[in-house]
Amino acid sequence: MSLPFLPGTSNNKQLGKERFHKSQHFDYSNGLPMMVGCEKPGIGGELLMGQKFKPNWSALPSRKTTGLASWVAYDKQVLSFAAYFEEAVQGDEGVMNKVRECKIFFYLEDDTMQVVESNLKYTSFPQGTFIHRQRVPLPPPDHDQFYRAFHFNINQQMVLFSRTFTVTSCDLFTRNFLTKLGVILNEPTTVPDDPYSKLREQVETMNPLRPLERHDTLKQFLDHDGQVLRFRCFWDDSASLFGDTQDFTLHYFLSDDTIEILGVPVPNSGRDNTPKFLHRCKLLKHGPAHMKLPGHVTDRTMLNVIDSKIRGQRFMLDSTRAGAYREEFYKDIDLTVGGEVNVFGRSFLLIDCDDFTKCYYRSKYGIEDVPPIQPRAPPAITPPRLMPPYNGFGSEEDSLSFCRGLLPKPPQKDFQKFMEKDRLDEKVMTFHAKIVTTDPIVSERLFIVSYFLIDDTINVYEPIQRNSGIPGGRFLERVRVKKPGQQLFTSEPPQFFEAQDLYVGASVCINNVTFRLLDADEYTFSYMEQRPLEFPQANVGNVLRKLGSLPEEKLSEMRTSLTLRDPGDTGFISYESLSGLLVKLGCDLSEHEMLVLGRRFCVHEQPEEDGPLMLAVVQDLLMKKNFDAFSEMTSSLEYRDRQKTGRLSSTETRSVCKGSRLPLPENLLAGLLSMFAAGDEIDYLAFMSGINWVEQPAPPVMPDDTLKGLALCPDVPAEIRLNHFSGRLVLDALPGRLRQLPVGVNHRLPKLQSESPPETLIRTRCPLGQRDVPWDRGMSPGPAAATAEEADCGGSRRRGMERPDQSTLLPLLSLQPADLEPPLC
């Protein structure tokens, strides 16, 4: 009983089929409808009646272990065979067969082949890739199929595009692969002899006696490319009419043994500036008397010309080179300092060479350095040009420019000095001075002398003093000041005051008024001490050398005086006592040197910290700046505190303060953070509570309290009094046997803190020897102006240095000049 013809019950061949496309069998060719798809499959790719399956890819089985396709499993696997084919060529003896060897590569991934011919010498045929990589069809009648791995074997012939190739051998991988496929390989064979290649080799190896011969200079070029020998040469042509002596530069190129000669231009010589005297070429040692025409100079002599129908015209040359013309060119060994070079009849004398040339001759030929030659007589000494004396009109530099040329130019300024000491850095040395006179009223006048390092000018200013009867103001405009005792109308350039001429204790005569420099600001002292070689008065080494070179009598007297001035045996004396003793003994120390010695070896005391006063000053400044963003700062600090410990690093706290634009100076902020610091961490809650003037206001502060609070912060230009003069520091700085001498009771002294350098220990606002006289606002090195209390607090720098250490100074008395090392800088 058959099943009914219903869906799901009948045997449908199309069940499960997904491809139903129909191949294109008809197309237009040259405008005519034709059937072009006779070999194309039917609907869905099914073969039609009489069609056979033709695989497009390798018929090799897939790797069963991996389950990959053939084009994946056999990727980059190639079968290599050695083969040859014969080709008829036309030779001298008629038609002969040429054997051409090649390599056959079969790619297993896509059944493609490639034939590459080996490059051989003595052949005129194009070589290289003979058949590009492609699928090669089988010879007819199987031309519709392609070569596969099963078609290959050794010692058999294969037809590739109508050319018959004979396979001779294969490599080891090919042999193993074909053996595993079940192919029985034949025995390898050899390539037959090639009569055409042998004939070509015989012809090429014979001496052809050709007119042109090849000289290989590649090695010389690769070894010496870019290396040039450079000589200075001299040509004396004074014997000829209108002749002269000239200087030239000779370049010898080691890469190809060529020479070029360049002229050295001389200004105002009357000659045209010719860049090259001789172009780059090989230079003959013996130049010909007459230039030869082209073709006269040959290496060989042509004996006969032979004409052949097969080989064409040929030349018969003289193999003995009997008529060869040999030319000798200059080499590197022929060029030496002191030798002559013949440049087409002109004799050039080599007088000098550069360092590379000397090194080259020393390393290759062992020729030591030859001193340069002076071909010319030494030039006559030109008498100095005498300038007329100064006539009093304008400045000396401006008047001198009229004597140096017809078109005067303005005097040039020292641009290098201007860049080093630009006024933006405020490189101005400021001194306090008084007039040296017997008039009691004039002697009390105070002056500020400013020396501008940028252009060596001096400005003198007199501060206004109340109830003095003197108006004050500008005493001398900014100008360069001449040193006294010079003649006015002379041709010699005048001498002006320099920075080394100004120091504390020096007498300076400015426009017939003698000033005595009494004091200097902190910048001047620091600037001079940082440059001890430029300023001898600020060199501590020179001061120690002078103290050590005192005679024995003065040393004994100084030892006794120091003992009497310190009855309590404390190890310290006042600065006034030490300076008076040094002046009494005649130690030849200026007042500036005594101040430098005191600044360098002093024991100072830092002001005690006052936390409530500093917080009150900070709140007062924040209140004046109208800063109340405390809640935002607290939120930023709490956000950075991930662990909620209430502490942050000083760097993060400072970053939040800067980001919130806290209007506090850098030094005051650093002192404030140090109050709430515990190691490297800051208690930011206590910090914010201390500066919050809105919620926790501090008591109001007075102006004097504000100044005291600023003095508690580091690096603030406030008063720091020098309490003691330490002799131990002097002892450590002195060289030689002084370091081994006893120190006495100096072990009780506290050590000098490293964070307070000696050059920042002294800061005074009051002039030396004056009290209750403030600095002028325009000339003060510190803040705006100082009050009378600050002047009392500062006084003089002498009062700031109280007691030098006599236990260190006593060994200085026995020091001899020979025991001292060079001055310390």
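Let me sum up the structure you'll find in this document. (Residues numbered from 1 in each chain as written. Predicted model: local features only at pLDDT ≥ 70, side-chain atom pairs only at ≥ 80, totals over all residues. Heavy atoms only, no water.)

### Considering the nonpolar core
Counting residues in each nonpolar core, the largest one holds 47 residues, and the members touching the most others are M429, I458, V460, I510, M558 and L582. Of the residues forming this core, the biggest block, five residues, is contributed by helix α12 (residues 575-585). Beyond its immediate sequence surroundings of up to four residues, I458 is in contact with V449, S450, Y451, L476, E477, R478, V479, V481, F497 and I510. By size, the runner-up hydrophobic cluster in this structure holds 28 residues, among which are A83, F85, L108 and A149. (Core = buried A, V, L, I, M, F, W, Y, C linked by side-chain atoms within 4.5 Å. Buried < 20%, exposed > 50% of the residue type's maximum accessible area, 1.4 Å probe, protein only. Helix = DSSP H or I, 4+ residues; strand = E, 2+ residues; numbered from the N terminus. Contact = heavy atoms within 4.5 Å.)

### Here we look at the sheet that holds strand β17 (residues 428-435)
Strand order in the open sheet formed by six strands is β20-β19-β18-β17-β22-β21, and the pairing between neighbours is antiparallel. Whereas interior strands pair on both sides, the edge strands pair on one side only; in this sheet they are β20 (473-479) and β21 (507-510). On average, each strand axis in the sheet is inclined to that of its neighbour by 30°, with strand direction left out of account. Two elements, strand β18 (residues 447-452) and strand β19 (residues 457-462), share five bridges in a ladder whose sense is antiparallel. Pairing of V449 across the sheet is with V460, part of β19. (Pairing = 2+ DSSP bridges. Axes fitted to C-alpha atoms, helices over the stretch in contact; angles between N-to-C directions.)

### Brief notes about the packing of aromatic side chains
Tallied over the entire structure, the rule returns 26 aromatic pairs. A ring pair is formed by F248 and F348, whose centres lie 5.2 Å apart and whose planes are at 65°; its orientation type is edge-to-face. Taken together, the residues F248 in strand β10 (residues 245-253) and F348 in strand β16 (residues 346-353) connect sequence positions 100 residues apart. Judged by its relative accessible area of 4%, F248 falls in the buried class. Here the basic side chain of R280 rests over the ring of F253, its NZ or CZ set 3.7 Å away from the ring centre. Residue placement shows R642 over the ring face of Y639; its charged tip is 4.5 Å from the ring centre. (Phe/Tyr/Trp six-rings, centres within 6.5 Å; stacked < 30°, edge-to-face > 60°. Lys NZ or Arg CZ within 6 Å of the ring centre and 35° of its normal.)

### Brief notes about a nonpolar patch on the surface
A cluster of nonpolar side chains, L32, M34 and V36, forms an exposed patch at the surface whose accessible area comes to about 270 Å². In this fold, V36 is placed in the loop between β2 (32-35) and α1 (70-73). Residue classification places V36 among the partly exposed positions, given a relative accessible area of 44%. (Patch = residues over 30% accessible without salt bridge, like charges linked within 9 Å, V, L, I, M, F, W, Y side chains within 5 Å. Areas by Shrake-Rupley, 256 points an atom, 1.4 Å probe, with all protein chains shown as cover. Salt bridge = Lys/Arg side-chain N within 4 Å of Asp/Glu carboxyl O.)

### Let's talk about the packing of helix α11 (residues 552-565) against α12
If you want to describe how two helices pack, look at the angle between their axes and the distance between the axes. Put simply, α11 and α12 touch, their axes get as near as 11 Å, and they point 155° apart. The orientation of α11 relative to α12 falls into the category roughly antiparallel. The two elements α11 and α12 cross, and the hand of that crossing is right-handed. Contacts between α11 and α12 pair K554, E557, M558, S561, L562 and R565 from the former with S577, L581, L582, K584 and L585 from the latter. (Parallel < 35°, antiparallel > 145°, perpendicular 65-115°, else oblique. Left-handed = near helix turned anticlockwise from the far one by under 90°.)

### Points about the environment of M594
Position of M594 among the secondary structure elements: in helix α13 (residues 591-600). Residue M594 is classed as buried on the basis of its relative accessible area of 8%. C-alpha of M594 to C-alpha of S579: the two residues are 15 residues apart in sequence and 6.9 Å apart in space. Beyond its immediate stretch of four places on either side in the chain, M594 contacts Y575, S579, L582, V583 and L589.

### Points about the packing of helix α10 (residues 540-548) against α13
Two elements in contact, α10 and α13, have axes whose closest approach is 10 Å; the angle formed by their N-to-C orientations is 105°. Viewed along their axes, α10 and α13 adopt a mutual orientation that is roughly perpendicular. Residues V540, V543, L544, K546 and L547 of α10 form the contact with α13, whose participating residues are E593, V596, L597 and R600. Across the contact of α10 with α13, the residue classes tally to six nonpolar, no polar and three charged. (Nonpolar A, V, L, I, M, F, W, Y, C, P; charged D, E, K, R; others polar.)

None of the figures reported here should be taken as evidence of function without further support.
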